[in-house]
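# Structure at a glance
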Amino acid sequence: PIGDGKWGDEAAADKFHGDARTPWLFRTHTATIVGNRPLAELKNLAIDLDSAIGDASRIFTGLMPTPAHRPFVLIARDTDHYRELGTAIGAEGSAYAVFPALGDIEVRGLGSVRPVVTNWDKDWGPYWLRHAGGMAWVLGVAADLGVELPLWFQRGVGGYAERFKGPGDAQHFGKQHLEKGGVTSLSSWFKSFAINGDMESRMHDYNMFQAGLMFSFAMEGGDEEATKSLGAVTEAARSGDPKKLEKAIELFQAKLTDKQDAIRDHLRKLVNG
């Protein structure tokens, strides 16, 4: 619609919104997308984005960000555009294909928002979009609670949405994880978790999958203690008390460290199907 009850041509609109300066702004059921992809494509991506947020939200069952912190995903036009955005509003995390902005930015019609930015590629783009959706969701919940989540936890939610969409994805990426060394010392891994430009891209992939694996194990690994520990994180989030949530995440991390062998078994089961 272009006003006065009139409709414009979609191809012309796609051309106009194909410019990085005038992107589409598209509201999905759970999030907002800004990007230069054609409108028909954005409609399909919106479905997958909502699906990713639905998968991620199982981690804090029943919690969704308030409208003030609605998940906001910015799809870069291409890698050059992504790098420009990384320089302008990103930090070390922009070394991967998805990063959260350092702070809020002003968007006409929406006000102050904190976008999660994702690169675009015809093969990897849909996976990165899922990561961005999961991460935007958990950061929105965290913003409502006024808490800064550990980096591994933030990326784990994104990694779970990205690489554990279904058994086939988990099996494929799980095989790659085993080739990279599998589950190593979790104690040191938690302490050293990072995403930055000094790391090889294979280590970015390693960390993203393993962070997601922590949630896969807690929710689907059949370990009652791990499931209960994650449930305590959810209850702490529901309480609205940041200190309770921080403590619950610390205990969850400690429980996962104790379950290292069980997590290795869970990975093997994912890979073997």
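Higher on the page you've got the structure.
Turning next to helix α9 (residues 224-239). Between its terminal C-alpha atoms α9 stretches 22 Å, which fits the 22 Å expected from 16 residues at 1.5 Å a residue. Turning to α9, its buried residues number three or more, namely Ala226, Ser229, Leu230, Val233, Thr234, Ala236 and Ala237. Summarising the axial view, the buried residues of α9 lie within an arc of 160°, below the 170-degree limit, and thus occupy one face. Exposed and oriented more than 90 degrees from the buried face of α9 are Glu224 and Lys228.

As a further point, take the pattern of salt bridges. Summed over the entire model, instances satisfying the criterion amount to 17 salt bridges. Among the ionic pairs, Asp261 bridges to Arg264, the shortest N-O distance being 3.2 Å. Placement of both Asp261 and Arg264 in helix α11 (residues 260-272) is noted, with a separation of 3 residues, approximately one turn of the helix. Given the relative accessible area of 29%, Arg264 is considered partly exposed. Salt bridges sharing partners connect three or more residues here, namely Asp48, Asp55, Arg130 and Lys165.

Residues Phe60, Phe153 and Leu245 are the most contacted members of the largest nonpolar core, which totals 70 residues. Ranked by residues supplied to this core, first place goes to helix α4 (residues 125-145) with 11 residues. Apart from the residues within four sequence positions on either side, Leu245 is in contact with Phe60, Leu145, Val147, Leu149, Val233, Ala236 and Ala237. Counting residues in hydrophobic clusters, the runner-up holds 12 residues, among them Val34, Phe99, Ala101 and Val107.

Along strand β3 (residues 72-75), one buried face is formed by Phe72 and Leu74 and the opposite face, lined by Val73 and Ile75, is buried too. Two strands pair when backbone bridges link them, and strand β2 (residues 32-35) and β3 are joined in this way by 4 bridges, in the parallel orientation. If you follow Gly35 over to β3, its bridge partner there is Ile75. Note on the crossover from β2 through helix α2 (residues 39-56) to β3: the handedness is left-handed. Direction of pairing for β3 relative to strand β7 (residues 116-118): parallel, over a ladder of 3 bridges. Considered in β7, the bridge of Val73 is made with Val116.

Over its 13 residues, helix α6 (residues 167-179) extends 18 Å from the first C-alpha to the last, a length consistent with the 18 Å expected when each residue adds 1.5 Å. Every buried residue belonging to α6 is among Asp169, Ala170, Phe173, Gly174 and His177, and all of these are buried. The buried residues of α6 occupy an angular sector of 120° when the element is viewed end-on, so they sit on one face. For α6, the exposed residues lying more than 90 degrees away from the buried face are Pro167 and Glu179.

Moving on to the packing of aromatic side chains. For the structure on display, the rule yields 17 aromatic pairs. With a centroid separation of 5.0 Å and an interplanar angle of 90°, the aromatic rings of Phe153 and Phe215 are classed as edge-to-face. Here the residue Phe153 occupies a position in helix α5 (residues 151-163), and Phe215 occupies one in helix α8 (residues 201-220), the gap between them amounting to 62 residues. A single burial state applies to Phe153 and to Phe215, both of which are buried. An aromatic cluster of three or more residues is present, and its members are Phe60, Trp137, Trp152, Phe153, Trp189, Phe190, Phe193, Phe215 and Phe252. Cation over ring: Arg163 sits above Phe173, and NZ or CZ is 4.9 Å from the ring centre.

In this fold, Asn196 is placed in the loop between α7 (186-192) and α8. Residue Asn196 is classed as buried on the basis of its relative accessible area, which comes to 14%. Ignoring sequence-local partners within four residues, the contact set of Asn196 consists of Glu92, Ala95 and His204. Within the local environment of Asn196, its side chain forms a polar contact with the backbone nitrogen of Asp198, the two atoms lying 3.0 Å apart.

Conventions adopted
- Residues numbered from 1 in each chain as written.
- Predicted model: local features only at pLDDT ≥ 70, side-chain atom pairs only at ≥ 80, totals over all residues.
- Heavy atoms only, no water.
- Helix = DSSP H or I, 4+ residues; strand = E, 2+ residues; numbered from the N terminus.
- Expected span 1.5 Å × (residues − 1).
- Buried < 20%, exposed > 50% of the residue type's maximum accessible area, 1.4 Å probe, protein only.
- Arc of directions from axis to C-beta.
- Salt bridge = Lys/Arg side-chain N within 4 Å of Asp/Glu carboxyl O.
- Core = buried A, V, L, I, M, F, W, Y, C linked by side-chain atoms within 4.5 Å.
- Contact = heavy atoms within 4.5 Å.
- Pairing = 2+ DSSP bridges.
- Right-handed = clockwise from strand over helix to strand, strands pointing away.
- Phe/Tyr/Trp six-rings, centres within 6.5 Å; stacked < 30°, edge-to-face > 60°.
- Lys NZ or Arg CZ within 6 Å of the ring centre and 35° of its normal.
- Polar contact = N/O pair within 3.5 Å; in protein donor to acceptor, adjacent residues only side chain to side chain.

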